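Here's the letter readout for the chains.
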Amino acid sequence: ASTTSPPKTTNNKTLYWAISMVKSRSHAFGSKRGYWLTPVFDLSNHSPNPNAAMEGDDHGRLVLKALENIHEGEQITIDYQVDDDPLLVAIYGFSLIHDCDGLALLKS
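Conventions used here
- Residues numbered from 1 in each chain as written.
- Predicted model: local features only at pLDDT ≥ 70, side-chain atom pairs only at ≥ 80, totals over all residues.
- Heavy atoms only, no water.
- Helix = DSSP H or I, 4+ residues; strand = E, 2+ residues; numbered from the N terminus.
- Buried < 20%, exposed > 50% of the residue type's maximum accessible area, 1.4 Å probe, protein only.
- Pairing = 2+ DSSP bridges.
- Core = buried A, V, L, I, M, F, W, Y, C linked by side-chain atoms within 4.5 Å.
- Contact = heavy atoms within 4.5 Å.
- Expected span 1.5 Å × (residues − 1).
- Arc of directions from axis to C-beta.
- Polar contact = N/O pair within 3.5 Å; in protein donor to acceptor, adjacent residues only side chain to side chain.

Focus: the side chain of Ser44
Along the chain, Ser44 falls in the loop between β2 (36-37) and β3 (45-46). Judged by its relative accessible area of 6%, Ser44 is buried.

What follows is the structure, given as structure tokens:
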């Protein structure tokens, strides 16, 4: 089964899968009250030097704001605001530390 398809049986595995799908696709935006699910905005990739940012406006809407000119075909990137590489792996499933073959390396 792929990581985006739910398991076929209902048990703890299904619950853990559902929680991981929600946690990896939601954002708190500094709020202590909860998280927002962002079904389109989660297509933005992470960059420590992003060209866009997600913000909540005064009306409770989520806004993707360009931080610079973004050209047609250019990737839209945001900062996931996670500085700890093992935490990036745990939450989002990727690492910023790569070897020369492009394989992720985990360090303790």
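After that view, the rundown keeps rolling.
A look at the pairing of strand β4 (residues 52-56)
As paired strands, β4 and strand β5 (residues 62-66) are joined by five bridges and run antiparallel to one another. Across the sheet, residue Ala53 finds its bridge partner in β5, namely Lys65. Following β4, the chain reverses through five residues before pairing antiparallel with β5; Gly60 in that reversal takes a positive phi of roughly 80°.

A word on the nonpolar core
Grouped together as the largest cluster of nonpolar side chains are seven residues: Phe41, Ala52, Met54, Ile78, Tyr80, Val82 and Leu88. Among residues more than four places away in sequence, those in contact with Ala52 are Leu64, Lys65, Ala66, Leu67, Ile70, Ile76, Thr77 and Ile78.

Focus: helix α1 (residues 12-24)
Between its first and last C-alpha atoms α1 spans 18 Å; for 13 residues at 1.5 Å apiece the expected length is 18 Å, and the two agree. When we look at burial in α1, the residues that qualify are Thr14, Met21 and Ser24. Projected down its long axis, α1 carries its buried residues within an arc of 110°, all on one side. Facing away from the buried side of α1 by over 90 degrees, the exposed positions are Tyr16 and Lys23. Sitting at the head of α1, Asn11 places a side-chain oxygen 2.9 Å from the backbone nitrogen of Lys13.

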